[in-house]
Amino acid sequence: MHPAYSVIFFTTASGAGYGLLILAAIFAVGGLLPATGLLGLVLVGLALALIGGGLLSSTFHLGRPERAVNALSQWRTSWLSREGVLAIATFLPAGLFAVGWVFLGKTTGFFGWMGVAAALLAVLTVFSTSMIYASLTTIPQWNLATVPMAYLALGLMSGAVLLAFVTRLFGVHGTAVDVVAIAAILIGWGVKTAYWTAIDGRLPESDLGSATGLGRFGAVRILEQPHTEANFLMHEMGYRVARKHARRLRSLAHVGLFALPLLFVVAGLFAPEVTATAMAAGAVLALVVGLLTERWLFFAEARHDCMIWYGR
Amino acid sequence: MTSLPAIRPEKRLGLAIDLDTCVGCHACATNCKEWNTGGISGPLTDVNAYEAEQQGVWFNRVFTYEVGGEGPNARTVHFPKNCLHCETPACVTVCPTGASYKRSEDGIVLVDHDRCIGCKLCSWACPYGAREYDEVVGVMKKCTLCVDKIYNENLPEEDRVPACVAACPSKARHFGDFADPNSTVSKLTAERGGYDLMPEKGYRPTSKYLPPRPGRRSAAPVSAAGEPGLEGAGRFLKWVDRILSR
Ligand code: SF4
Ligand code: SF4
């Protein structure tokens, strides 16, 4: 599948934003973060900016963005519609939670409940995003249980790494953040490794012989394409990344997304405060590179069944 | 509404496509473009129409496959493909806007171009590659089974068939109601072993493909000994006889 930059940015940024929102809410409501206005502003503000920026960029790949509101209507059947509805619904409790934290210095009681509601809706939103891909039986590399697991794990992981950095900056850091970050990185790493193993071992369900129904007469091979030049389908679904490049990029994702952030977070536990903050920043940088690589691969390695007709 | 019809449509309109007789002339694809660019889906825009990297909206595309390698059983099969108007298509249910829908009266799958936001998700959900994004207009388009032609009372009755069917010079495309067991398409499907494409996807395509008839080329010479009346006939007469005795 064609790796569109707007969609890569959207899924990574909003995933990280939701992850940060979930963890900031849980930590604040659980009394693990002080209810100081500036901290609330930076944490919830950053989360909502990532979410909002991601949602905005997702409209860039639409042919008619001015009609985007139509997409909220079909939540009964469509995961894309559900995602839109949930994303917007999350802003309400998240906004109230932010008001309580930033302006009233309160993260308990009513505002605490708003934080909990925002966290729950955020989980559902990320799940819906992942199901847009995982529900497509036409793309074997997406139609897997590890896809929603990876979206949730990587979202939480990104949120944890961001939370660790911001809390260190503010000098309100506690080990609980690191414990969550380490656990999230390990889970994410495990899920993504399982995912890559699964797609490498997955045999295609259909081939040209079975698709055309002509396999019973012998081997089937494409002789003439329907057109001399590539069409919309081939541009959109026919993207292919060389195996060699995919391997290299996977290694980059292993290092940038998992190994380096894990190293920085663990080392930060034993380092003096200033070094630990620098390391937390390093973890964020590695995460950005790793996450973009991972998401690019998620699209580039996905092969759509409709390309079978074109003999590829 | 992107929910599928609650009950199976009373009529199930579709095509039976004969892979035995298709000659790969692309007349169906051309006439499809001609009708639909001026119909409810029009214009079917082209980009770079007169230069390299041209690309345009076509509802029907004709593939050509080689089957059976290079030996005596090798054959060329021309394979036209357009929307199969599936009975349980995810291209409809994934649509977030309600632009994609399946008609409950005849099972035709359509896009409401005024609602579509051009998210292209429906094209991702179609395993047959039957959806066509119009990048100039910014909306998804697709085969309508010439819904603006088959019900068009301004046309003489015999012209109320999809443009591809009307154009086919070798009668490889048959249009009709698969819910009616006595329709031509139902009978052809039963007689010829018409089949579904990619049944494993579970989309239950309405349109069927009629397989090429097997082994004609390796069959024994037609005018075998004992068959009277053709000795001394010219090649033309032998050919006529062969056609007539099919
Ligand atoms: S062929 Fe493709 S576009 Fe047509 S109904 Fe089936 S899934 Fe939808
Ligand atoms: S491109 Fe249009 S018809 Fe297709 S899923 Fe999106 S809104 Fe629906």
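Remember, predicted model here, so these are calculated numbers, not experimental data.

1. Side note on the overall build of chain A
Right, so step 1: When its secondary structure is counted, chain A shows ten helices and one strand.
Right, so step 2: Secondary structure of chain A in N-to-C order comes out as α-α-α-α-α-α-α-β-α-α-α.
Right, so step 3: For 312 residues, the compact-globule formula gives about 20 Å, and the C-alpha radius of gyration of chain A, at 22 Å, lands near that figure.
Right, so step 4: With respect to the principal axes defined by its C-alpha atoms, chain A has extents near 75 × 45 × 30 Å.
Right, so step 5: Burial analysis of chain A (312 residues in total) assigns 53% to the buried set.
Right, so step 6: Partitioning the contacts of chain A with sequence separation of at least 6, the portion at a separation of at least 24 is 81%.
Right, so step 7: As displayed, chain A offers around 12900 Å² of accessible surface, 72% of which is attributable to carbon and sulfur atoms.
Right, so step 8: Taking the average location of the 19 positive side-chain charges in chain A and that of its 13 negative ones, the two points are 1 Å from each other.

2. What about the nonpolar core?
Right, so step 1: Trp142(A), Leu214(A) and Trp309(A) are the most contacted members of the largest nonpolar core, which has 143 residues in total.
Right, so step 2: At twelve residues, helix α1 (residues 5-29) of chain A tops the list of elements feeding residues into this core.
Right, so step 3: Once you skip the residues sitting within four places of it in the chain, Leu214(A) turns out to touch Gly209(A), Val220(A), Leu19(B), Tyr65(B), Val67(B), Val77(B), Phe79(B), Tyr195(B) and Pro212(B).
Right, so step 4: Ranked by size, the runner-up nonpolar core spans five residues in total, among them Ala16(B), Val185(B), Leu188(B) and Leu210(B).

3. Regarding the sheet that holds strand β4 (residues 61-67) of chain B
Sheets are built from strands paired through backbone hydrogen bonds, the pairs being either parallel or antiparallel.
Right, so step 1: Taken in spatial order, the three strands of this open sheet run β1(A)-β4(B)-β5(B), and their pairing is antiparallel. This sheet does not close on itself; its edge strands, each paired only once, are β1 (220-224) of chain A together with β5 (75-81) of chain B. With strand direction ignored, the average angle separating the axes of adjacent strands in the sheet is 35°.
Right, so step 2: In terms of strand pairing, β1(A) meets β4(B) through four bridges, oriented antiparallel. Opposite Val220(A), over in β4(B), you have Val67(B) as the bridge partner.

4. Focus: the sheet that holds strand β10 (residues 173-177) of chain B
All names here are of chain B.
Right, so step 1: One open sheet accounts for three strands, arranged β10-β1-β11; its pairing is mixed. Of all the strands in the sheet, just β10 and β11 (208-210) have a single pairing partner and so form its edges. For this sheet, the mean angle separating the axes of adjacent strands, direction not counted, is 25°.
Right, so step 2: Strand contacts of helix α6 (residues 184-192): β1 (13-18), β10 and β11, with the helix running at about 115° to β10, the strand carrying the most contacts.

5. Digging into the site of ligand 1
Right, so step 1: Neighbouring residues of ligand 1: 13 residues in total, closest Cys83(B), Leu84(B), Cys86(B), Cys91(B) and Cys126(B).
Right, so step 2: When its residues are assigned to classes, the shell around ligand 1 shows ten nonpolar, one polar and two charged.

6. Re the packing of aromatic side chains
Right, so step 1: Across all of its chains, the model carries 23 aromatic pairs over all chains by this definition.
Right, so step 2: Plain terms: the ring middles of Tyr133(A) and Phe299(A) are 5.6 Å apart, the flat faces sit at 90° to each other, and that makes the pair edge-to-face. Of this pair, Tyr133(A) sits in helix α4 (residues 109-134) while Phe299(A) is found in helix α10 (residues 273-300), placing the two residues 166 residues apart along the sequence.
Right, so step 3: For Tyr133(A), a relative accessible area of 4% gives the class buried.
Right, so step 4: Residue Phe299(A) is classed as buried on the basis of its relative accessible area, which comes to 2%.
Right, so step 5: Through successive ring pairs, a cluster of aromatic residues spans Tyr133(A), Trp142(A), Tyr151(A), Tyr195(A), Phe298(A), Phe299(A) and Trp124(B).
Right, so step 6: Its end group placed over the ring of Trp79(A), Arg82(A) keeps NZ or CZ at 4.4 Å from the ring centre.
Right, so step 7: Over the ring of Tyr195(B) we find Arg216(A), and its NZ or CZ is 4.8 Å from the ring centre.

7. Side note on the pairing of strand β9 (residues 139-142) of chain B
All names here are of chain B.
Right, so step 1: Burial along β9 is two-sided: Val139 and Lys141 facing one way and Met140 and Lys142 facing the other are all buried.
Right, so step 2: With four bridges joining them, strand β8 (residues 131-134) and β9 adopt antiparallel strand pairing. Of the residues in β9, the one forming a bridge with tyrosine 133 is methionine 140.
Right, so step 3: Counting the residues between successive antiparallel strands, the hairpin from β8 to β9 contains four residues, one of them, glycine 138, with a positive phi of roughly 80°.

8. Section: the site of ligand 2
Right, so step 1: Taken together, 13 residues form the shell around ligand 2, and within it Cys95(B), Cys116(B), Cys119(B), Lys120(B) and Cys122(B) come nearest.
Right, so step 2: The residue inventory of the shell around ligand 2, partitioned by class, reads nine nonpolar, three polar and one charged.

Definitions and limits used
- Residues numbered from 1 in each chain as written.
- Chains lettered and ligands numbered in written order.
- Predicted model: local features only at pLDDT ≥ 70, side-chain atom pairs only at ≥ 80, totals over all residues.
- Heavy atoms only, no water.
- Helix = DSSP H or I, 4+ residues; strand = E, 2+ residues; numbered from the N terminus.
- Rg over C-alpha atoms; globule rule 2.2 N^0.38 Å.
- Buried < 20%, exposed > 50% of the residue type's maximum accessible area, 1.4 Å probe, protein only.
- Contact = heavy atoms within 4.5 Å.
- Areas by Shrake-Rupley, 256 points an atom, 1.4 Å probe, with all protein chains shown as cover.
- Lys, Arg positive; Asp, Glu negative; His and termini not counted.
- Charge placed at Lys NZ, Arg CZ, Asp CG, Glu CD.
- Core = buried A, V, L, I, M, F, W, Y, C linked by side-chain atoms within 4.5 Å.
- Pairing = 2+ DSSP bridges.
- Axes fitted to C-alpha atoms, helices over the stretch in contact; angles between N-to-C directions.
- Near = heavy atom within 4 Å.
- Nonpolar A, V, L, I, M, F, W, Y, C, P; charged D, E, K, R; others polar.
- Phe/Tyr/Trp six-rings, centres within 6.5 Å; stacked < 30°, edge-to-face > 60°.
- Lys NZ or Arg CZ within 6 Å of the ring centre and 35° of its normal.

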